[in-house]
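Observations on chain architecture
Listed here are the chains, written in short residue letters.
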Amino acid sequence: MTSASGNATGLEVLLSTLKSSHDVQSTLSILQILDELLSAGTVKRISYMISKGGSEALLHTLVNMTRIFPPNYHVFLPLMHLIVKVGQRDKGFGQKAQEIGATDETLNLLKVSPPQPKYVIPCLWALKIYAASASTGAALGNSGIMRLLFKLISPYTTKNTKSIRAATEALSALLKSKWNSRRALDNGYIQWLLKLYQDWHQRDTQNKYISIHKALLKCIRNITNTQMGKKAFLQADGMRVLLSASRACGSTTDLQPIVKLATQIMRRCYPKEPLPLLTVRSCYSFVLPNTADSQILEPPGRFPQEDVAVKGNDEKEGDEDSTENEETGYNEDEDDLETDVTRLRPNPQLDRPVEELKQYERLCPELIGYFQHLRDEQTNGQDNVSCSAFFTTPGHQRHKKTREWQEDLIEEDPPMPHNSFSSRGANQMDLADSGGESERLIKNGCAPIQDSGRCPEQPCGGITLKPSKHKMKETHWNMQRASADSSEKNIRLQEVQNTRGTSVGGEESSRLLSQSWSINTEYTPHDSPRKLSEMCREMIPFHDPYVYTIMAEKTKSATDYQTLAFPDYWGHTAPLYQEPLTGQWCGHQRDKIFEDIQRFVNPGDSLNKVIFDIGSLPLVTPAEDVSLKFNSNFESGNLRKAIQIRKYEYDLIMNADINTDLQHQWFYFKICGMRAGIPYRFNIINCEKTNSQFNYGMQPVMYSVHEALCGRAHWVRVGSDIYYYKNHYCRHSAVTRGQKDTSYYTLTFTITFLHSKDVCYLAYHYPYTYSTLMTHLHLLKESLNPDQIYFRHQILCSTLGGNKCPVITITASPGSQPEQLHQFWNRQYVVLTARVHPGESNASWVMKGTLEFLVSDDAIARSLRDSYIFKIIPMLNPDGVINGCHRCSLSGEDLNRQWSEPNPDLHPTIYHAKGLLSYMRSISKTPLVYCDYHGHSRKKNVFMYGCSLKETLWQARSSIDTATLKEDIGYRTIPKVLDRLSPAFSINHCCFLVQKSREATARVVVWREIGILRSYTMESTYCGCDQGKYKGLQLGTRELEEMGAKFCAGLLKLKKDEWSCSNQLVTEDVGLLDFDNELQNDRHMSRSDVSVDDEPPCPEEIDYYTDNCAEEDDDHIDLVTELNMSSDDELELKK
Ligand SMILES: [Zn+2]
């Protein structure tokens, strides 16, 4: 204690003596002591010295010593050594030096010093340190120092290289000041710097003076901080100079820092420009119901060119993405956490009058019709009438004649008066409707009624839900395509045509399909496409091309697509092999960026040929044209424009979500005209997210028609050299809405096709369309035994686009014994939803797994059906899915932000889904579990978001005493069980915080307003896993479907926990799940370590963001090393 304060006093005394000393000898002695003190110590010691006025003392000494003439270098050298050492650690050093007058003195010293390096170098380094302060740098600039420095910086030489380096470093520090930078431009320094760099690069063949190359580049970088600097750099042909120099560096390790710096400079100087589009607004718009034309979101039009956010280069494009708008990359900002305890408690309330909820009775027919019926039977004592009478319709053959099942496919319920279920059994006979209808309804287990009254769920007036006769109101679609249907005249497949004239896969796919017997020897020449189709049906479970065609015909799109995508038609099965994460494509990323820069340097090299443009007439291509052909005129397709850049390279632009000008991430399009064995590069140039799993091992997916016809009907992960990086296209200021980051991002990948003249489909992720869903639902129902499984397909409501949003009920058909009926009535509800975000097709595959599992013969599935009634809305946003949107509905809004106050006209599916949940609550049937399936683009694994009062308060570091608050921690059970049951699931990625920004999401609203404790968002990665059994693998549809099945299995644990084992039905099944007791035990263990492992924003070694030009810390200078006697300079001097 005493020694420390003694030291402090000693140091202070020493410094004050030094400061006032004008005597060379005593100054020298003190400097020696200080040097010894600092050489032994750490950075801490230097900081301590600074805090005690060390910087000022040294600078005063410098001023004092310069008053002695001639300069005494015995003092100056150790003094400068200390100044450099201390100054580097003192942020205010430049300012202090200026105030004390040391800057001028140092400059003078430099001017009068002998030209030897040992005198010059210390001054240069000191000047560099002063110039770290911008105002000091600017002041130094006024004194003409740059000219002086420039004289010291020579073209390539082996002499005085240390002086040259120090001078260049000092210059680069000075150029951080905008004033100096401007002065340098006025003097034409940028040309000189480029010439000097080129000279050193070319002649320093041994790469002995890399630090000089680097210092020169730093000068250039600092000048190009300004808009003027960028312009001058371009005028001086800087791009060409740096590009060729960087390319020449190759992959030499030592040179990589230089290449990195040069790449940074080139990318920031690449002139910003808008996307090559007339408007970034979606090609399609949709007139919303009940909105006057004037209320439609801004009409599409050409941007005023100057309005494009091309400026902004001078802005610090700092850490972006604070506005991440998904349940993704959830905002860790503590300010976003809810801390109002009243809002952190479920507070069930109805958002509409109870009478309005009555309309949802029809969506719980198992409660009204069936229940009532059973109850009536019981009360009437008609036990001899089996309650399964409704289910005794003989199971249908799966493949019926077309006409028959065409009628049957009309799954939706007609409008139903609420009291229509009072009659039962016998009324089957009364039905005088047209054949198939009553059959269908009987099979559905419900008594059909007359089609009377207005459908309660019509959201947008005019469109009625009359089965099969619906014609879409053409006026609803405001087509802006110059030529909507002139795109491709399809050769219709004889076997697969329908009334709309939709053809499968377009001309090329049809060709392949009709030639397929020559492709695969398994097929005899007599096979027709129809035969093939039947074979395909056998190969792919729950798929049927014919059913699909019927379903697709009924699907209504804004894009009015004319073709059916072949993969949708033909079907997909997961390949048998697993697909590993690719690892990072090290080394080639820069080559890709150089290729991009090359386009600017040599514009003549680029073809810039528009191959496909949704807004224009199809291009007539000569027969010898070898360009690829693109199309996306099918469900979920969204290619907007394709531009051929080089012979085998294409820029692609995705269409924005309808009624918006953003949300580009999903892509799905068709390619044909390829040649086998040639690497084609594709660049999707209008991505918006700031980072992507494409940088972390993910690949896009591809489906080859040729392969499918050979029996390999798979979407597979493809592509190499996959990178995702910021490009030079900038977003319209109206689009960025105040975001700092105005750039688009490029996803680039390279594909080498297996077959020439194949037809391939490429997508962001395994597509799963609305028509596919409807097909699967139909086949699912056909596949099951109605005696055992109660499966009901109803319509929640009609969407804005006139499509029907299905809701499925699955449970076990009860037996007729009173205790069985009692058990049936007491079953708890589980409500599942998916695909509110159309680009998250992974959610649909998970849902497919859930549905198929629930109707399966699996013992757990049977037990689940016995325990629960499942209400499933498998696609909350059919319109978005159909029209190839990524995030929005036709209203241009994110439907998962509308749950608080859904508008029945604009957000019908959300309004009615919430209505259904509210209804269940109002009749005391609040579901036990609610889960909304999503996809996550920036994280690996599958995980859940839930809602916890305590964890939110803890995380927010709230002052509220959480010990006094009670919370049921039952919300943790499912994630814990899934962590053990499901290989893809990771509890470590789960999070149970309630964020204000998520207030209007399904998860939070259902938890808070409906009062469901176990309300979740389940996020499935687009990519793969970094833990568990699938570690290192990308997820395929098999794994996603498995996740869906495992999720259900996990629900059985709740049953085990919640229900008493006295119930015989339950006890039988408890053994099905082999859980350890441990699970039960740690259930009450408090967990506060819910960690959220976000993918790091961007690893250092990949410079995707080089545009930002993060200043690296300079290496710390040690003058002793710099003045090392063995240096070249000194050798030079001795000669
Ligand atoms: Zn989502």
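Presented here is an overview of the structure given in this document. Every value quoted in this text rests on a predicted model; they were computed, and no experiment measured them.

**Comments concerning the overall build of the protein chain**
Assigned secondary structure in the protein chain consists of 42 helices and 22 strands. Every one of the 1135 residues in the protein chain was classed for burial, and the buried ones make up 61%. Partitioning the intrachain contacts of the protein chain with sequence separation of at least 6 by distance along the chain shows that 79% fall at a separation of at least 24. In the form shown here, the protein chain has an accessible surface area of approximately 43900 Å², with 51% of it arising from carbon and sulfur atoms.

**Describing the coordination of the zinc ion**
In an ideal tetrahedron of four donors about a metal, each angle is 109.5 degrees. In an ideal octahedron of six donors, the angles are 90 or 180 degrees. Taken together, His837 (ND1), Glu840 (OE), Glu840 (OE) and His934 (ND1) make up the protein donors of the zinc ion, found 2.1 to 2.2 Å from the metal. Note that the zinc ion binds four donor atoms; their angles at the metal cover 59 to 150°, and the shape is irregular. Mapping the donors of the zinc ion onto the primary sequence gives the spacing H-x2-E-x93-H. In this pair, histidine 837 sits in the loop between strand 18 (828-834) and helix 31 (841-854) while histidine 934 sits in strand 20 (residues 929-936), placing the two residues 97 residues apart along the sequence.

**Notes on the packing of aromatic side chains**
Going through the model one piece at a time under the given rule, you end up with 39 aromatic pairs. With 6.0 Å between their ring centres and 55° between their planes, tyrosine 73 and phenylalanine 76 make a pair best called tilted. A residue pair is termed a helical-turn pair when its members lie 3 or 4 positions apart in one helix, as tyrosine 73 and phenylalanine 76 do in helix 5 (residues 73-87) at three residues. Both residues of the pair, tyrosine 73 and phenylalanine 76, belong to the buried class. Their ring planes at 85° and their centres at 5.9 Å tell us that tryptophan 200 and tyrosine 209 sit as a pair that is edge-to-face. You'll find tryptophan 200 and tyrosine 209 in the same group, each marked buried. Through pairs of rings, three or more aromatic residues link up here, namely Phe630, Tyr648, Tyr650, Phe667, Phe669, Tyr680, Phe682, Phe694, Phe749, Phe753, Tyr764 and Tyr1022.

**Focus on helix 2 (residues 24-40)**
The end-to-end C-alpha separation of helix 2 is 24 Å, in line with the 24 Å expected for 17 residues at 1.5 Å each. Every buried residue belonging to helix 2 is among Thr27, Leu28, Ile30, Leu31, Leu34 and Leu38, and all of these are buried. The buried residues of helix 2 all sit within an arc of 165° when viewed along its axis, so they share a single face. For helix 2, the exposed residues lying more than 90 degrees away from the buried face are Gln25, Gln32, Glu36 and Ala40.

**Notes on the sheet that holds strand 7 (residues 639-646)**
Read across the sheet, six strands follow the order 5-7-8-10-14-13 without closing on themselves; strand pairing throughout is mixed. This sheet does not close on itself; its edge strands, each paired only once, are strand 5 (609-613) and strand 13 (720-730). For this sheet the average axis-to-axis angle between neighbouring strands, irrespective of direction, equals 25°. For strand 10 (residues 679-687) and strand 14 (residues 743-752), the ladder comprises seven bridges, and the chain directions are antiparallel.

**Considering the pattern of salt bridges**
For the structure on display, the rule yields 28 salt bridges. The salt bridge partner of lysine 914 is glutamate 1009, with a shortest N-O separation of 2.9 Å. Residue lysine 914 is found in helix 34 (residues 908-922), and its partner glutamate 1009 is found in helix 37 (residues 1002-1010); the two are separated by 95 residues along the sequence. The same class applies to lysine 914 as to glutamate 1009, namely buried. Here the salt bridges do not stand alone but share partners, grouping Glu595, Asp596, Arg599, Arg646, Glu649, Asp651 and Arg681 into one network.

**Quick notes on the pairing of strand 18**
Where a strand is regular, its side chains alternate between the two sheet faces. Within strand 18, six of the seven residues are buried, which leaves it mostly tucked inside the rest of the structure. Pairing of strand 18 with strand 19 (residues 868-873) involves six bridges; the strand directions are parallel. Bridge pairing in strand 19 places threonine 833 opposite isoleucine 873. Taken together, the five bridges between strand 18 and strand 20 define a ladder with parallel strand orientation. Across the sheet, the residue bridging to threonine 833 is aspartate 932, located in strand 20.

**Quick notes on unusual backbone geometry**
Even without being a glycine, asparagine 207 presents a positive backbone phi close to 55°. Within the secondary structure, asparagine 207 is located in the loop between helix 13 (189-203) and helix 14 (210-223). The exposure class assigned to asparagine 207 is partly exposed, which follows from its relative accessible area of 26%. Phi at lysine 757 is positive, roughly 55°, even though this residue is not glycine. With respect to the element layout, lysine 757 can be found in the loop between strand 14 and strand 15 (759-763).

**Thoughts on the sheet that holds strand 12 (residues 715-717)**
Strand order in the open sheet made by the five strands is 6-9-15-11-12, with antiparallel pairing throughout. Every other strand in the sheet has two partners, leaving strand 6 (629-631) and strand 12 as the edge strands with one partner each. Each neighbouring strand pair of the sheet contributes to a mean axis angle of 30°, computed without reference to strand direction. Inspection of the sheet shows strand 6 paired to strand 9 (residues 668-672) by three bridges, in the antiparallel sense. Each bridged residue has a counterpart across the sheet, and for phenylalanine 630 the counterpart in strand 9 is isoleucine 671.

**Section: the packing of helix 4 (residues 54-66) against helix 5**
Packing of helix 4 against helix 5 brings their axes to within 10 Å, and their N-to-C directions diverge by 150°. One way to sum up the angle between helix 4 and helix 5 is to call them roughly antiparallel. Classified by chirality, the crossing of helix 5 by helix 4 is left-handed. The segment helix 4 lies against helix 5, with Ser55, Leu58, Thr61, Leu62, Met65 and Thr66 engaging Val75, Phe76, Leu79, Met80, Leu82, Ile83 and Val86. By residue class, the composition of the contact of helix 4 with helix 5 is 10 nonpolar, three polar and no charged.

**Considering the nonpolar core**
With 145 residues, the main nonpolar core has Phe566, Phe630, Phe682, Met1018 and Phe1047 as its most contacted residues. The dominant element in this core, judged by the number of residues it contributes, is helix 38 (residues 1037-1058), at nine residues.

**Side note on the environment of histidine 588**
Tracing the backbone shows histidine 588 in the loop between helix 25 (566-570) and helix 26 (589-601). Every residue in contact with histidine 588, bar those within four places of it in the chain, is listed here: Asp721 and Tyr723.

**As for the environment of lysine 914**
Residue lysine 914 is classed as buried on the basis of its relative accessible area, which comes to 1%. C-alpha separation for the pair lysine 914 and valine 1006, spaced 92 residues apart in sequence, amounts to 7.9 Å. When sequence neighbours within four positions are dropped, the list of residues in contact with lysine 914 reads Asp351, Arg352, Trp899, Ser900, Pro902, Val1005, Glu1009 and Ile1010. Side-chain polar atoms of lysine 914 contact the side chain of glutamate 1009, separated by 2.9 Å.

**Here's the deal with helix 26**
In an α-helix, one full turn covers 3.6 residues, which means residues spaced three or four apart are oriented alike. An ideal rise of 1.5 Å per residue puts 18 Å on 13 residues; helix 26 measures up with 18 Å between its terminal C-alpha atoms. Burial analysis of helix 26 places 10 of its 13 residues in the buried class, which makes it a mostly covered element. Those residues of helix 26 that sit buried are Gln589, Arg590, Lys592, Ile593, Phe594, Asp596, Ile597, Gln598, Arg599 and Val601.

**Comments concerning the pairing of strand 20**
Along strand 20, eight of the eight residues are buried, which leaves the element largely enclosed by surrounding structure. Because side chains alternate across strand 20, one face comprises the buried residues Val929, Cys931, Tyr933 and Gly935, and the other comprises Tyr930, Asp932, His934 and His936, equally buried. One ladder, built from eight bridges, connects strand 20 with strand 22 (residues 1014-1021); its direction is parallel. Counted as the bridge partner of tyrosine 930 is serine 1015 from strand 22.

**Brief notes about the side chain of threonine 555**
With respect to the helices and strands, the residue threonine 555 is situated in the loop between helix 24 (545-554) and strand 4 (563-564). Residue classification places threonine 555 among the buried residues on the basis of a relative accessible area of 1%.

What counts, and where the lines are drawn
Residues numbered from 1 in each chain as written. Predicted model: local features only at pLDDT ≥ 70, side-chain atom pairs only at ≥ 80, totals over all residues. Heavy atoms only, no water. Helix = DSSP H or I, 4+ residues; strand = E, 2+ residues; numbered from the N terminus. Buried < 20%, exposed > 50% of the residue type's maximum accessible area, 1.4 Å probe, protein only. Contact = heavy atoms within 4.5 Å. Areas by Shrake-Rupley, 256 points an atom, 1.4 Å probe, with all protein chains shown as cover. Donors = N, O, S within 2.8 Å, 3.2 Å for Na, K, Ca; no water. Tetrahedral: all angles 85-135°; square planar, octahedral: opposite > 155°, others 65-115°. Phe/Tyr/Trp six-rings, centres within 6.5 Å; stacked < 30°, edge-to-face > 60°. Expected span 1.5 Å × (residues − 1). Arc of directions from axis to C-beta. Pairing = 2+ DSSP bridges. Axes fitted to C-alpha atoms, helices over the stretch in contact; angles between N-to-C directions. Salt bridge = Lys/Arg side-chain N within 4 Å of Asp/Glu carboxyl O. Parallel < 35°, antiparallel > 145°, perpendicular 65-115°, else oblique. Left-handed = near helix turned anticlockwise from the far one by under 90°. Nonpolar A, V, L, I, M, F, W, Y, C, P; charged D, E, K, R; others polar. Core = buried A, V, L, I, M, F, W, Y, C linked by side-chain atoms within 4.5 Å. Polar contact = N/O pair within 3.5 Å; in protein donor to acceptor, adjacent residues only side chain to side chain.

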